[in-house]
Amino acid sequence: MTELMTLPADWEGMPATFIEGALLAANANPKPLEPESWMSVLVTGGVAEDEQEAICEAHKTAILNHFEMQYRYIKAGEYELPAVLTWQEESGITDAMSEFAEGFLAVWPFIEPNWADQAMSDGTMRMLSALLTTCMLLLDEKATLAQMEEAGVTGMPQPEVLYVQLPLMLTEVVMAADELQQGAGAQAVNPYKETGRNDACPCGSGKKFKQCCGN
């Protein structure tokens with residue numbers, strides 16, 4: 001099980017659960033981006049300020065080390081959500097899971113424009129959409145479901161189904177971003193290795209895997 005970042009004793013920013021989500025969003029970037037452009041979010045939580053929060057070199061090094069660790073684990077097919085962020089039906093959405101989603105969504109506005117002009121497969125597009133929807137649900141399930149209903153969105157899986165699939169979505173989206181950065185020769189992890197061709201597709205389309213992302 002992947003561990004949350006151990007924060008420095010004098011850290012005054014967001015909690016480790018928030019940072020885990022924020023760094024995964026930064027790792028899901030299809031184009032190079034200087035960490036300084038999004039790093040202040042880890043202190044402010046995404047609240048707009050006149051000047052970006054300065055992060056000392058020691059804290060920056062610790063954050064970037066965890067950022068790189070996430071990437072290496074995902075590339076090796078070994079990344080798992082820390083236990084505190086894993087969906088358990090009996091406990092429902094915890095504060096830690098909401099903080100994780102808040103961190104991901106706080107950094108995502110820096111990353112999203114880099115996806116806008118990318119040629120994505122239908123499978124990657126659906127997985128990316130499912131990942132963002134899942135984070136929104138984790139942050140505020142009631143409001144997100146109401147917005148989806150108002151927008152006429154139908155046929156979505158139950159939220160619990162999406163929560164279980166969150167690690168798969170993260171791996172798929174980060175690996176798709178990595179391939180776009182490095183080209184077709186980038187080594188990829190197969191996120192579907194446990195999915196049978198007649199199983200329901202993990203992207204949540206409602207179709208069989210062989211008729212969707214596996215075709």
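Our subject is the structure listed above.
The written sequence of each chain sets the order in which its residues are numbered from 1. Predicted model: local features are reported for residues with pLDDT of at least 70 only, side-chain atom pairs are reported and counted for 80 or more only, and whole-chain, interface and lining totals are derived from all residues. Heavy atoms from the whole structure form the basis of all side-chain values; hydrogens and water molecules are not counted.

## Some details on the overall build of the chain
Here comes step 1: In DSSP terms, a helix is any run of H or I states spanning at least four residues, a strand is any run of E spanning at least two, and both are numbered starting from the N terminus. Within the chain one finds seven helices and zero strands.
Here comes step 2: The N-to-C order of helical and strand elements in the chain reads α-α-α-α-α-α-α.
Here comes step 3: Burial classification: accessible surface area is computed with a 1.4 Å probe over protein chains only, and a residue below 20% of its type maximum counts as buried, one above 50% as exposed, and the rest as partly exposed. Buried positions account for 45% of the 215 residues belonging to the chain.
Here comes step 4: Using the Shrake-Rupley algorithm and a 1.4 Å probe, accessible areas are obtained, with residue cover drawn only from the displayed protein chains. Total accessible area on the chain is roughly 11,200 Å²; 49% of this is exposed by carbon and sulfur atoms.

## Some words on the pattern of salt bridges
Here comes step 1: Salt bridge, as used here: a side-chain nitrogen of Lys or Arg that lies within 4 Å of a carboxyl oxygen of Asp or Glu. What the rule picks out here adds up to four salt bridges.
Here comes step 2: We note a salt bridge from Lys 31 to Asp 117, for which the minimum N-O separation is 3.0 Å. In this pair, Lys 31 is assigned in the loop between α1 (16-27) and α2 (41-44) and Asp 117 in the loop between α4 (95-116) and α5 (122-139), connecting sequence segments 86 residues apart.
Here comes step 3: Residue Glu 57 is joined to Lys 60 by a salt bridge in which the shortest nitrogen-to-oxygen separation is 3.5 Å. Taken together, the positions of Glu 57 and Lys 60, both in helix α3 (residues 57-75) and three residues apart, correspond to about one turn of that helix.

## Some remarks on the nonpolar core
Here comes step 1: What is meant by a nonpolar core is a set of buried Ala, Val, Leu, Ile, Met, Phe, Trp, Tyr and Cys residues, joined one to another through side-chain atoms within 4.5 Å. In this structure, Leu 42, Phe 104 and Trp 108 are the most contacted members of the largest nonpolar core, which totals 51 residues.
Here comes step 2: Every element with two or more residues in this core is listed here: α1, α2, α3, α4, α5 and α7 (159-182).

## Observations regarding the packing of aromatic side chains
Here comes step 1: Two aromatic rings, drawn from Phe, Tyr or Trp (for Trp, its six-membered ring), form a pair once their centres lie within 6.5 Å of each other, and the interplanar angle then sorts them: stacked below 30 degrees, edge-to-face above 60, tilted otherwise. Within the structure shown, the criterion is met by three aromatic pairs.
Here comes step 2: When the centroid spacing of 5.6 Å and the interplanar angle of 55 degrees are considered together, the rings of Trp 38 and Phe 67 count as tilted. One end of the pair, Trp 38, is in the loop between α1 and α2; the other, Phe 67, is in helix α3, and 29 residues separate them in sequence. Each member of the pair, Trp 38 as well as Phe 67, carries the same accessibility label: buried.
Here comes step 3: Judged by centre distance (5.5 Å) and plane angle (15 degrees), the rings of Phe 104 and Trp 108 are stacked. Of this pair, Phe 104 and Trp 108 both sit in helix α4, separated by four residues, roughly a single helical turn. Comparing Phe 104 with Trp 108, the two get one shared label, buried.

## Considerations on the side chain of Glu 20
Here comes step 1: The residue Glu 20 is located in helix α1 in this model.
Here comes step 2: All tallies of charge rest on Lys and Arg as positive and Asp and Glu as negative; His and the ends of each chain are not included. For the buried residue Glu 20, which engages in no salt bridge, the nearest side chain bearing the opposite charge is Arg 72, 12 Å off.
Here comes step 3: In what follows, residue pairs with any heavy atoms lying within 4.5 Å of each other are defined as contacts. The contact partners of Glu 20, leaving out residues within four places of it in the chain, are Glu 3, Leu 4, Met 5, His 66, Gln 70, Tyr 79, Pro 82, Leu 85 and Phe 100.

## With respect to α1
Here comes step 1: Over its twelve residues, α1 runs 16 Å from end to end, which matches the ideal 16 Å to within 8%, given 1.5 Å per residue.
Here comes step 2: With twelve of twelve residues buried, α1 is to be regarded as a mostly interior element.
Here comes step 3: Elements that come into contact with the buried residues of α1 comprise α2, α3, α4 and α7. Take the number of residues in a helix, subtract one, and multiply by 1.5 Å to get its expected span.

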